[in-house]
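So you can see what is in the structure, the chains are spelled out below.
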Amino acid sequence: MDPSCLQYALTEEERKQFNELGYLVVENALSPEQVAELTTEFDRIYEDKLSGGHDPSTALFYPNFIPDHSSFLNLVDYDKVLPKVWDILGWNIYLYHAHMIATPPSGKPKSDATFGWHQDSGRVNMEMESHPRPRLSLKVAYFLSDVSEPDRGNFWVVPGSHLKDNLEMPADRQGQPEGAIPVCVKPGSAVFFDRRTWHAGSPNWSDYTRKVLFYGYGYRWIRTKDDMTVQHLWESSDPIRRQLLGASVNCNGHYSPTDEDVPLRGWLKEHQPELVR
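The structure contained in this document is the topic of the report that follows. Just so it is clear, the structure is predicted and the values come from calculations on it, not from any experiment. (Residues numbered from 1 in each chain as written. Predicted model: local features only at pLDDT ≥ 70, side-chain atom pairs only at ≥ 80, totals over all residues. Heavy atoms only, no water.)

### With respect to the overall build of the protein
Reasoning step 1: For the protein, the helix and strand inventory stands at seven helices and nine strands.
Reasoning step 2: Over its C-alpha trace the protein gives a radius of gyration of 19 Å, about what one expects of a compact globule, namely 19 Å for 277 residues.
Reasoning step 3: If you line up the protein on its principal axes, its C-alpha atoms span 55 × 45 × 35 Å.
Reasoning step 4: Classification of the 277 residues of the protein by burial places 52% in the buried group.
Reasoning step 5: Pairs at least 24 residues apart make up 85% of the contacts formed inside the protein by residues separated by at least 6 positions.
Reasoning step 6: For the protein, the accessible area works out to roughly 13,200 Å², and carbon and sulfur atoms hold 50% of it.
Reasoning step 7: In the protein, 28 side chains carry a positive charge and 39 a negative one; their mean positions are 4 Å apart. (Helix = DSSP H or I, 4+ residues; strand = E, 2+ residues; numbered from the N terminus. Rg over C-alpha atoms; globule rule 2.2 N^0.38 Å. Buried < 20%, exposed > 50% of the residue type's maximum accessible area, 1.4 Å probe, protein only. Contact = heavy atoms within 4.5 Å. Areas by Shrake-Rupley, 256 points an atom, 1.4 Å probe, with all protein chains shown as cover. Lys, Arg positive; Asp, Glu negative; His and termini not counted. Charge placed at Lys NZ, Arg CZ, Asp CG, Glu CD.)

### Let's talk about the pattern of salt bridges
Reasoning step 1: Throughout the structure, instances matching the rule amount to 17 salt bridges.
Reasoning step 2: One salt bridge connects D43 with K211, and the closest N-O pair in it is separated by 2.7 Å. One end of the pair, D43, is in helix α2 (residues 32-51); the other, K211, is in strand β9 (residues 210-219), and 168 residues separate them in sequence.
Reasoning step 3: On the accessibility criterion, D43 (25% relative accessible area) is partly exposed.
Reasoning step 4: The class for K211 is buried, based on a relative accessible area of 16%.
Reasoning step 5: The shortest N-O distance in the salt bridge between R133 and D165 comes to 4.0 Å. Of the two residues, R133 is situated in the loop between α5 (124-127) and β4 (137-143) and D165 in the loop between β5 (155-157) and β6 (181-183); the sequence distance between them amounts to 32 residues. (Salt bridge = Lys/Arg side-chain N within 4 Å of Asp/Glu carboxyl O.)

### A look at helix α4 (residues 82-89)
Reasoning step 1: In terms of burial, α4 is largely enclosed, as eight of its eight residues are buried.
Reasoning step 2: A positive phi of about 95 degrees marks G90, the residue just after α4.

### A word on the side chain of D77
Reasoning step 1: Relative to the helices and strands, D77 resides in the loop between α3 (70-73) and α4.
Reasoning step 2: Exposure remark for D77: the relative accessible area of 11% places this residue in the buried category.
Reasoning step 3: The residues touching D77, leaving out its near neighbours within four places in the chain, are M1, L82, D238, R241 and L244.

In structure tokens:
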């Protein structure tokens, strides 16, 4: 990890926005060249799934894409993003979940039906007893297609809803919850969001496919959400990337980690000691 990445550390304004709104937009996180390379690999996978029988009229949810190409792997510890992640969650983290979503044009008339609003993490939201429920994890969504206008399959959020355990829905299932907004961003943008933030995907009423990569970071004692077949990448990765890919010296190291378990902690002790406790 090159210390120059600290120029992308979380600013106080970014921290304030994330803590108060539950999400943060970082424009131009990816260069046009990165967007082009990632889109090429995204399209390759998408076309392969379509050839394999995936219904072209429905969204593709494809997890565990990290091993499919080095351009995906390189975003695991991306220098413009990871410093913001560890500034929010701390050093005992790893990539517990990753998925790509392709949302093709719906081909249906626009409607006002209520979207599928939810918080991430499933049973966590029923079994955790605290209020508000704990943060535990966040996701970074890299947008490869232009959703700078509404009706393009935008990601919707209710700002500030990460501190609410419940969200009131329209009784007739028409319209969206109070305060809901579409996140409108250009290709190359990264959207960070707290797993507790109430959010929803929306139908794509445009004429082209929406393409997004999601990277989920959480504490190392959280189980992976999908089969993460990344173990073969450990040997060729540097220590911090190995940590982020789930490597550990022993099982207890997830709860009481040594420096060997979490090389990110040692790196931060040297370069950003105020974050180590």
